[in-house]
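# Fold and geometry: a report
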Amino acid sequence: MSILQPRSSRILRVGGVAKSDLLNQLCEAGVGLNPLALALFSNDGFLTSAEQRTLRLAQRSVAQLGLSQGGTFDEIAARALAQGLSLCPLELGPHYRLAFPDQEEGALGQALFRDCAPPGSVTVASQPISADDDMPKGFYLRVIQGVPWLRGYRSWPGHIWSPSDVLAFTETQSAA
């Protein structure tokens, strides 16, 4: 299976797993974690739900949200909300990585990049747990040399996301 096309959606179960158990599941599945992802896991603001629930995920590129020149995270979130989408709970990132390990590698053979979402990555659109620019803002999924990764990222409120960047949201109506 290939990486999700930006207008696709998937059903995902989230919650019912303690944060430490979720981290163990990622490690047992061979998922790579960068230091920023580990910083998110160690932050007291990252909470997991005791109750399991089912969510419908929808991916959209920034351009598909109507921001053809790109936009800030707040602009992206507002456009998503207007289209019936919501920000994801932070814990969705690890569950998403575990549920969909078959993401294709998107940056293979491309130049190194910095301060932008890597090609082929999917950023889980979630409310940051801290306004501090040094604190990671959330998770993104990508594959590096065949290894599925869950990576944390830093950003600042004025950062302009590229029109081609893909973010995952939840559909406002959760699935049964």
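Residues numbered from 1 in each chain as written. Predicted model: local features only at pLDDT ≥ 70, side-chain atom pairs only at ≥ 80, totals over all residues. Heavy atoms only, no water.

## Overview of the side chain of T123
Secondary-structure assignment places T123 in strand β5 (residues 122–124). The exposure class assigned to T123 is buried, which follows from its relative accessible area of 2%. Beyond its immediate chain neighbours, meaning those up to four positions away, T123 contacts F139, Y140, Y153, W161, V166, L167 and A168. (Helix = DSSP H or I, 4+ residues; strand = E, 2+ residues; numbered from the N terminus. Buried < 20%, exposed > 50% of the residue type's maximum accessible area, 1.4 Å probe, protein only. Contact = heavy atoms within 4.5 Å.)

## Notes on the pairing of strand β7 (residues 147–153)
With 5 of its 7 residues buried, β7 lies for the most part within the structure. Pairing geometry for strand β2 (residues 32–33) and β7, over 2 bridges, is parallel. By the bridge assignment, L33 is partnered in β7 with L150. Across 7 bridges, the pairing between strand β6 (residues 138–144) and β7 is antiparallel. The partner of V143 across the bridge, within β7, is P148. Connecting β6 to the antiparallel partner β7 that follows it, the hairpin turn spans 2 residues, and Q145 within it adopts a positive phi of roughly 50°. (Pairing = 2+ DSSP bridges.)

## Focus on the packing of aromatic side chains
Considering all chains together, one arrives at 7 aromatic pairs under this definition. Where F41 meets F46, the ring centres are 5.0 Å apart and the plane angle is 70°; that geometry is what we call edge-to-face. Given a relative accessible area of 6%, F41 falls into the buried group. Here F46 falls in the buried class, since its relative accessible area comes to 2%. On the numbers, 6.0 Å between centres and 55° between planes, the contact of F41 with F139 is tilted. Placement of F41 in helix α2 (residues 35–42) and of F139 in strand β6 is noted, with a sequence separation of 98 residues between them. Given the relative accessible area of 1%, F139 is considered buried. Among the aromatic residues, those joined into a cluster by ring pairs are F73, Y140, Y153 and W161. (Phe/Tyr/Trp six-rings, centres within 6.5 Å; stacked < 30°, edge-to-face > 60°.)

## Observations concerning the nonpolar core
One finds L12, F41, L92, Y96, F139 and L150 to be the most contacted residues of the largest nonpolar core, which totals 26 residues. Put simply, the parts of the chain that give this core at least two residues each are β1 (9–14), α1 (19–28), α2, β3 (53–61), α4 (92–99), β5, β6 and β8 (166–171). The greatest single-element share of this core, amounting to 3 residues, is contributed by α2. If you look at the next biggest cluster of nonpolar residues, it comprises 14 residues, including V62, I76, A80 and F169. (Core = buried A, V, L, I, M, F, W, Y, C linked by side-chain atoms within 4.5 Å.)

## Things to note about the pattern of salt bridges
By the definition in use, this model includes 1 salt bridge. In this structure, the salt-bridge partner of E171 is R56, at a minimum N-O distance of 3.5 Å. Residue E171 is found in strand β8, and its partner R56 is found in strand β3; the two are separated by 115 residues along the sequence. Judged by relative accessible area, E171 falls into the partly exposed class, the value being 25%. Judged by its relative accessible area of 29%, R56 is partly exposed. (Salt bridge = Lys/Arg side-chain N within 4 Å of Asp/Glu carboxyl O.)

## Digging into the side chain of E91
With respect to the element layout, E91 can be found in the loop between β4 (85–86) and α4. Within the buried set, E91 has no salt-bridge partner at all; the shortest N-O distance to an opposite charge, 4.2 Å, is to R53. Here S49 takes part through its backbone nitrogen, which lies 3.0 Å from a polar atom of the side chain of E91. Here E91 is in contact with V14, G15, L22, F46, L47, T48, S49 and R53, once residues within four sequence places are set aside. (Lys, Arg positive; Asp, Glu negative; His and termini not counted. Polar contact = N/O pair within 3.5 Å; in protein donor to acceptor, adjacent residues only side chain to side chain.)

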